[in-house]
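# Topology and contacts: notes
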Amino acid sequence: ASRRTPLKHPTAPSLFLIILFALSAPGHATTLHVPATFTRIGDAIAAALPGDTVQVAAGTYSPSINGETFPLSLAKSIFLRGSGFDVTTLDAETIASVVDVAAAPGGHISGFTITGGRAIEGAGLRIAAGSPEVSDCLILANSAFRHGSGIYVTGTATPWIHHNVIWESEDWDHSDGNDPHGIDLRGGDGMVEHNLVGRGVSNGIFIQP
């Protein structure tokens, strides 16, 4: 007759090592909290690894309020998540673009009011690479000189932009012949659907392959 070897439960030290290994294993996603752990969103983004989430609490994040530096640069695929566009605001205070995306495939931006952006192109969001998802944001009162007051898509980017409100997009210089448009796609690709675009100074959406 065969004999069965009794199963041995891991001892406390070995169980601790198993848990530690699981937490440190590659691919384990982490949530970084602003302002509980990081005062500035930019610092949390710098510390995040691909696949991590930067969770931003309610409040206004701007140069004058918390020393935030703009544009927020997303050069890796992370989830930048606000607590809702009605309570979490990114305000660049007309210093620069609000968010600049040039990341690998993936990533997500959701739950913010994005405002106060001022740039040559892409005042609210400038997306030049990657395939980020942009959803559930109010992109309000941003001003560009040439392309994309609210959102500018260019380069090799293939974003999915959906369920946002792009409102009161401004033209930096009315005497110039360029119209920056609310959402401006030039050279990039992707999907734009279920957005509300209005009260801007030029077209809501402009597409140039």
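Structure: above.
Residue positions are given per chain, counting from 1 as you read along its sequence in written order. Two thresholds apply to this predicted model, a pLDDT of at least 70 for residue-level local features and 80 or more for giving and counting side-chain atom pairs, whereas whole-chain, interface and lining totals are computed over all residues. Side-chain measures here rest on the full set of heavy atoms in the structure, leaving out hydrogens and waters.

To continue, consider the sheet that holds strand S14 (residues 143-147). Taken together, the three strands give an open sheet; going across it, the order is S10-S14-S18, and neighbouring strands pair in parallel fashion. Two strands bound the open sheet, and with one partner strand each, they are strand S10 (118-121) and strand S18 (170-171). One ladder, built from three bridges, connects S10 with S14; its direction is parallel. In the sheet register, Ala119 faces S14, and the bridge partner there is Ala144. Strand pairing follows a simple DSSP-based rule, namely that at least 2 bridges must link the two strands. The secondary structure listing takes helices from DSSP runs of H or I that are at least 4 residues long and strands from runs of E that are at least 2 residues long, numbered from the N terminus.

If you look at soluble globular proteins, the nonpolar side chains tend to sit buried side by side. As used here, the term nonpolar core means buried Ala, Val, Leu, Ile, Met, Phe, Trp, Tyr and Cys residues forming a set that is joined through side-chain atoms within 4.5 Å. Buried, partly exposed and exposed residues are distinguished by accessible area as a fraction of the type maximum, computed with a 1.4 Å probe on protein chains only: under 20%, between the cut-offs, and over 50%, respectively. Judged by nonpolar contacts, the single largest core of 36 residues is most densely connected at Ile41, Val54, Leu80, Leu90, Ile109, Leu125 and Ile151. Put simply, the parts of the chain that give this core at least two residues each are strand S1 (31-34), helix H2 (41-47), strand S2 (53-56), strand S4 (72-74), strand S7 (99-102), strand S11 (125-129), strand S15 (151-153) and strand S19 (183-186). A total of three residues in this core trace back to one element, the largest contributor, which is H2. In what follows, a contact means two residues having at least one pair of non-hydrogen atoms within 4.5 Å. Setting aside residues up to four positions removed in sequence, Ile41 forms contacts with Val34, Val54, Val56, Tyr61, Glu68, Leu72, Leu80 and Leu90.

Note that Ser97 resides in the loop between strand S6 (88-91) and S7. The buried category is assigned to Ser97, whose relative accessible area is 9%. At 2.8 Å, the side chain of Ser97 and the backbone oxygen of Gly122 are in polar contact. Throughout this description, a polar contact denotes any pair of N or O atoms lying within 3.5 Å of each other; where both atoms belong to protein, one of them has to be capable of donating a hydrogen while the other can accept it, and for residues adjacent in sequence the pair is counted only when both atoms sit in side chains.

This part takes up the pattern of salt bridges. The rule for a salt bridge is simple: a side-chain nitrogen of Lys or Arg has to be within 4 Å of a carboxyl oxygen of Asp or Glu. Summed over the entire model, instances satisfying the criterion amount to three salt bridges. Across the pair Arg40 and Asp43 runs a salt bridge whose closest N-O atoms are separated by 3.2 Å. The salt bridge involving Arg126 is made with Glu121; its shortest N-O contact spans 3.0 Å. Judged by its relative accessible area of 22%, Glu121 is partly exposed.

Next up on the list: the environment of Ser83. The topology assignment puts Ser83 in the loop between strand S5 (79-81) and S6. Measuring from C-alpha to C-alpha, the distance between Ser83 and Ser110 comes to 8.6 Å, with 27 residues separating the pair along the chain. Leave out the neighbours within four places in its chain, and Ser83 touches Gln55, Val56, Ala57, Ala58, Thr88 and Gly111. A distance of 2.8 Å separates a polar side-chain atom of Ser83 from the backbone oxygen of Val56.

Turning to the sheet that holds strand S17 (residues 165-167), a few remarks are in order. Pairing between sheet strands relies on hydrogen bonds along the backbone, with the strands arranged either parallel or antiparallel. Spatially, the six strands line up as an open sheet ordered S3-S6-S9-S13-S17-S21, and their pairing is parallel. This sheet does not close on itself; its edge strands, each paired only once, are strand S3 (59-61) and strand S21 (196-198). Each strand of the sheet is rotated relative to its neighbour by a mean of 15 degrees, with strand direction disregarded. In this structure, strand S13 (residues 138-140) lies alongside S17, joined through three bridges in parallel fashion. Paired with Leu140 across the strands is Trp167, a residue of S17. Each axis is a line fitted through C-alpha atoms, and for a helix only the stretch in contact is used; angles between axes span 0 to 180 degrees, taken between their N-to-C directions.

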